[in-house]
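Residue-level structure breakdown
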Amino acid sequence: MADVVGAVFDALADRNRRALIGFLAERETATATELAAELPLTRQGVSKHLETLWDARLVRRRRRGRETRYRLTPEPMTEAMSWMAAVGAQWDERLAALAAHLAAPAEKVTRERAEEGAARTRTTRRGQP
Amino acid sequence: MSSEIRREVVFASSPDEVWDALTDADRLAEWFANDVELDPRPGGEGIFRWDDGAERHAVVEEAEAPHRFAFEWADPGEAATTSVEFTLEEVPEGTRLTVVESAPAGPRACMAEWAWAAELQALAGPVRARVR
């Protein structure tokens, strides 16, 4: 999943591409020429950015006669947002586990033993199930 | 907000204690993963395994005891890596730990332009309406 998400993040890392997504979100479909009229970009520049969005599966394109119309397919963006939420939740869990680990009495026993350098035979944290 | 995950926690432990918990493989196996191999030096490699079958491979980028520990990691077989940075700071209550995990970078990574996520949130409204 990270590979898909990486391509989306790359695509969204550019201000103009984010603006293109914003314009496409307000329309059913648009051509590069129509989008170039909305942005300080040439039609060629818009086409290049649309190519990057297409690589990340964020737009679909369909040729109609002589023009190519682009449509936003934002599902990969939802995936990217889900990825961020999932990774955040993982860190919340890990940091809670770290707090418990740092506070664990068995851990303190181990630490005291290390400080005293004594070869005591009390149960250490390794003895936990 | 930016395209990274950031958490800050204060622990009632010294920076040295927190550092050990973050960098010692045996201790990491007690809270972070189920099985850990780690050479916590710059360039050192690490393998984290979880009981559910998940596995991540890491390469240490920075290790400045007891202040800064950073690595890049990825699922085996995936090209996209993310970086994880731990920063430890001594505070009156103990240690403030900041962890930052970056969003994955793909082949077109442009690190100078990572401040887009707030705009992404703004886009999410109209975009959600288009998800069928």
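The structure under discussion appears in the preceding block.
Residues numbered from 1 in each chain as written. Chains lettered and ligands numbered in written order. Predicted model: local features only at pLDDT ≥ 70, side-chain atom pairs only at ≥ 80, totals over all residues. Heavy atoms only, no water.

**A word on the pairing of strand E2 (residues 35–38) of chain B**
The alternating pattern of E2 of chain B places Val36 and Leu38 of chain B on a buried face, while none of Asp35 and Glu37 of chain B, on the opposite face, is buried. If you look at the hairpin formed by E2 of chain B and strand E3 (residues 45–49) of chain B, you'll find 6 residues sitting between the two strands, and Gly43 of chain B has a positive phi there, around 90 degrees. (Buried < 20%, exposed > 50% of the residue type's maximum accessible area, 1.4 Å probe, protein only. Helix = DSSP H or I, 4+ residues; strand = E, 2+ residues; numbered from the N terminus. Pairing = 2+ DSSP bridges.)

**Description of the sheet that holds strand E2 (residues 59–64) of chain A**
All names here are of chain A. Pairing is antiparallel across the open sheet formed by 3 strands, whose spatial order is E1-E3-E2. For this open sheet the edge positions go to strand E1 (30–31) and E2, each flanked by a neighbour on one side alone. Pairing between E1 and strand E3 (residues 67–72): 2 bridges, direction antiparallel. Residue pairing for E3: Thr31 is matched across the bridge by Arg69.

**Comments concerning the packing of aromatic side chains**
As enumerated under the stated definition, the model contains 15 aromatic pairs over all chains in all. A ring pair is formed by Phe32 of chain B and Trp50 of chain B, whose centres lie 6.1 Å apart and whose planes are at 50 degrees; its orientation type is tilted. Highlighted residues: Phe32 of chain B in the loop between helix H2 (25–31) and E2 and Trp50 of chain B in the loop between E3 and strand E4 (55–64), separated in sequence by 18 residues. The ring of Trp54 of chain A carries the charged tip of Arg61 of chain A above its face, separated from the ring centre by 3.9 Å. A cation sits over an aromatic face here: Arg56 of chain B above Trp73 of chain B, 4.6 Å from the ring centre. (Phe/Tyr/Trp six-rings, centres within 6.5 Å; stacked < 30°, edge-to-face > 60°. Lys NZ or Arg CZ within 6 Å of the ring centre and 35° of its normal.)

**Observations regarding the packing of helix H5 (residues 75–103) of chain A against helix H1 (residues 15–23) of chain B**
The interhelical angle for the contact between H5 of chain A and H1 of chain B, taken along N-to-C directions, is 120 degrees, at an axis separation of 11 Å. As judged from the angle between their axes, H5 of chain A and H1 of chain B are oblique. Between H5 of chain A and H1 of chain B the crossing geometry is right-handed. Between H5 of chain A, through Leu98, His101 and Leu102 of chain A, and H1 of chain B, the contact on the second element is made entirely by Glu17, Val18, Ala21 and Leu22 of chain B. Here the contact of H5 of chain A with H1 of chain B is built from residues that sort into 5 nonpolar, 1 polar and 1 charged. (Axes fitted to C-alpha atoms, helices over the stretch in contact; angles between N-to-C directions. Parallel < 35°, antiparallel > 145°, perpendicular 65-115°, else oblique. Left-handed = near helix turned anticlockwise from the far one by under 90°. Contact = heavy atoms within 4.5 Å. Nonpolar A, V, L, I, M, F, W, Y, C, P; charged D, E, K, R; others polar.)

**What to know about the sheet that holds strand E7 (residues 94–102) of chain B**
One key point about sheets: their strands pair by backbone hydrogen bonds, in either a parallel or an antiparallel sense. The 7 strands lie next to each other as E1-E7-E6-E5-E4-E3-E2 (chain B), forming an open sheet whose pairing is antiparallel. Looking at which strands have only one partner, the edges of the open sheet turn out to be strand E1 (4–11) and E2 of chain B. Adjacent strand axes in the sheet meet at a mean angle of 20 degrees when their direction is disregarded. Here 4 bridges tie E2 of chain B to E3 of chain B, and the two strands are oriented antiparallel to one another. Residue Val36 of chain B lies in a different strand from E3 of chain B, and its bridge partner there is Phe48 of chain B. Against the sheet, H5 of chain A makes contact with E1, strand E5 (68–74), strand E6 (82–91) and E7 of chain B, and its axis sits at roughly 15 degrees relative to E1 of chain B, the strand it touches most.

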